[in-house]
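Structure assessment
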Amino acid sequence: MKREILVQAYAKINLTLEILSKREDGYHNIVSVMQSISLCDRIRVKTEPDGIFVECSCPGVPGGRDNLAYKAADRLKKVLGIKKGAWISIEKGIPSAAGLGGGSSDAAAVLRALNLLWKGGLSEEEFADLAKDVGADVPFFIRGGTALAQGIGEKLKKLSPIPTLWFVLVKPSFGVSTKEIYEKFDSMEKDIKIRPSHGQLLTALYRNDLISAAPHMVNMLEGVTASLYPQVKDIMEVLSGEGCRKVLMCGSGPTVCGVVSSREEVFRIRQRLLKFNYPWKIYIARTVNYGSIIINRSKGGKIWEREDCRP
Ligand code: ATP
């Protein structure tokens, strides 16, 4: 009998992003407070007798071998040394090439789902090693929640959940390449003076003091992406004008995130933005304490509810 799992894979934002140095392999050493948020993709994973098939109907996101979910499934199959196959269907809710880690989250969710379906029995530590090979951000999404990421993002310290924050996410119509942004960072590095203070941020967040936390939410790539794509700056100004407590770019961008402290505020700001017909996509989200949620349909788990992804 074919077995099937449904999994919701959640996006992330970087509450801080500090770039320390460039490594010999071209990657950058970073320090980042990463946080899972409620915006998610939905993935259907079924066992097949042989082969790995990945389909995704979202424009701009490849199916087949070029999808990160394929890479994850293929790596797991090799590590387990098994003959079984899988069929993976991805419904995107997370905008792609947006700085929200959608591809990495899908990869981590597929690893978790296939470990169950294929009875791989891998521990979290074994996952972490495997995940690292699929992509630098993938280990974070295996557990998700709040974590301090170091190295190229793969060295993780799981942190206690922070009190709930709410986000208005605004994405312009284009995506950016993370590689392009880091290359530009290298040429601008000496001009970037501002650095986040991860410890001070966390102390203020755990006190539930968003006003004190706000100045410590710093993304060192913000000015870099904004210099290449001025719309990022336009969005930041609009969100600041709407009274967000903090406006921060997500990862390498171009999505910009307005941080607010209440559900009412987040809905009010979205309503106002929608009235102006900006050529941008607007999403709302809240903090969540997991990277993915698995629903086992073979055991009678019910079909996902769209509400699960909403704040
Ligand atoms: P990064 O992790 O590089 O910062 P991001 O979060 O900005 O990435 P993603 O949505 O992960 O962006 O997409 C990056 C690229 O990966 C896209 O251009 C897309 O072609 C490719 N890709 C491969 N698999 C997926 C997937 N499952 N979902 C989204 N994009 C994918």
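Residues numbered from 1 in each chain as written. Predicted model: local features only at pLDDT ≥ 70, side-chain atom pairs only at ≥ 80, totals over all residues. Heavy atoms only, no water.

**Describing the packing of helix H1 (residues 68-80) against helix H2 (residues 102-117)**
Convention followed: Fitted lines through C-alpha atoms serve as axes, helices being fitted only where they are in contact, and the angles separating the N-to-C directions of these axes extend from 0 to 180 degrees. Secondary structure follows DSSP: runs of H or I at least 4 residues long count as helices, runs of E at least 2 residues long count as strands, and numbering of each begins at the N terminus. Less than a right angle of anticlockwise turn of the near helix away from the far helix marks a crossing as left-handed, whereas a clockwise turn marks it as right-handed. Contacts between residues were defined by any pair of non-hydrogen atoms, one from each residue, lying within 4.5 Å. All residues other than Ala, Val, Leu, Ile, Met, Phe, Trp, Tyr, Cys, Pro, Asp, Glu, Lys and Arg, Gly among them, are scored as polar; the first ten of these are nonpolar and the last four charged.
Two elements in contact, H1 and H2, have axes whose closest approach is 8 Å; the angle formed by their N-to-C orientations is 35°. Considering the relative orientation of H1 and H2, their crossing is right-handed. Contacts from Leu68, Ala69, Ala72, Ala73 and Leu76 of H1 reach H2 at Gly103, Ser104, Ala107, Val110, Leu111, Leu114 and Asn115. A breakdown of the residues in the contact of H1 with H2 according to their chemical character gives 9 nonpolar, 3 polar and no charged.

**Overview of the domain arrangement of the protein**
Under the convention used in this document: Note: domain ranges come from an automatic or database domain assignment. Two parts lose some accessible area (1.4 Å probe) when they are put together, and adding that loss for both gives the buried area. Put simply, a salt bridge is a Lys or Arg side-chain nitrogen that is within 4 Å of an Asp or Glu carboxyl oxygen. Any N or O atom pair separated by 3.5 Å or less is treated as a polar contact, with the protein-specific requirement of one donor-capable and one acceptor-capable atom, and with residues adjacent in sequence counted only for side-chain atom pairs.
Taken domain by domain, the protein consists of domain 1 (4-161) and domain 2 (166-286). One C-alpha centre belongs to domain 1, the other to domain 2; they are set 23 Å apart. Contact between domain 1 and domain 2 buries roughly 2400 Å² in total, counting both sides, with carbon and sulfur atoms accounting for 65%. Its largest share of buried area at the contact with domain 2, domain 1 owes to Leu15, Leu17 and Ile19, together 24% of the area lost on that side. Across the contact surface, domain 1 and domain 2 share 2 salt bridges. Ionic pairing is found between Asp186 and Lys22, a salt bridge with its closest N-O pair at 3.2 Å. On inspection of domain 1 and its partner domain 2, the count reaches 14 residue pairs in polar contact (both at pLDDT 80 or more).

**A look at the pattern of salt bridges**
Applicable threshold: Working definition: with a 1.4 Å probe on protein chains only, accessible area under 20% of the residue-type maximum means buried, over 50% means exposed, and in between means partly exposed.
A complete count under the given rule lists 15 salt bridges for this structure. Among the ionic pairs, Glu183 bridges to Lys179, the shortest N-O distance being 3.2 Å. With Glu183 and Lys179 both in helix H5 (residues 178-188) and 4 residues apart, this pair spans about one turn of that helix. Classification of Glu183 by relative accessible area gives partly exposed; the value is 46%. The closest approach of N and O atoms between Arg245 and Glu265, which form a salt bridge, is 3.8 Å. Taken as a pair, Arg245 in the loop between helix H9 (231-241) and strand S9 (246-249) and Glu265 in helix H10 (residues 263-275) lie far apart in primary sequence, 20 residues in all. Connected through shared salt-bridge partners, Asp41, Lys92 and Asp106 make up one network.

**Regarding the sheet that holds strand S10 (residues 256-260)**
Put simply, the rule reads: DSSP calls a pair of strands paired once it identifies at least 2 bridges connecting them.
In space, the 4 strands of this open sheet follow the order S9-S10-S8-S11, with antiparallel pairing throughout. The two strands at the open ends of the sheet, each matched to only one other strand, are S9 and strand S11 (281-286). For this sheet, the mean inter-axis angle between neighbouring strands, taken without regard to orientation, is 25°. Relative to S10, S9 runs antiparallel, the two sharing 4 bridges. Counterpart to Val247 in the pairing with S10 is Gly258. Packing of H9 onto the sheet brings it into contact with strand S8 (166-171), S9 and S10, and relative to S10 it is tilted by some 15°. Sheet strands touched by H10: S8, S10 and S11. Its angle to S8, the strand with the most contacts, is close to 20°.

**A short note on the layout of surface pockets**
To find leftover empty space, one rolls a probe the size of a water molecule over the atoms. The test is simple: Buriedness of a pocket was judged along seven lines, with at least five required to meet protein on both sides within 12 Å; pockets are open sets of points on a 1 Å grid over the protein atoms alone, cavities are sets where a 1.4 Å probe fits but cannot get out, and lining residues have an atom within 4 Å of a point. Grid points are joined across faces, edges and corners, and a volume is the space filled by probe spheres set on the points.
Each pocket or cavity is described by its volume, and for the largest pocket that value is around 1400 Å³. Contributing to the lining of the largest pocket are 47 residues, with Ser104, Asp137, Thr178, Lys179 and Ser252 lying nearest its centre. Those elements that provide at least two residues to the lining of the largest pocket are strand S1 (4-14), strand S3 (28-48), H1, H2, helix H3 (124-134) and H5. When residues of the lining of the largest pocket are assigned to their parent elements, the largest contribution, 5 residues, is made by H5. Its residues assigned to classes, the lining of the largest pocket comprises 17 nonpolar, 17 polar and 13 charged. Residues lining the lining of the largest pocket come from more than one domain, with at least three contributed by each of domain 1 (4-161) and domain 2 (166-286).

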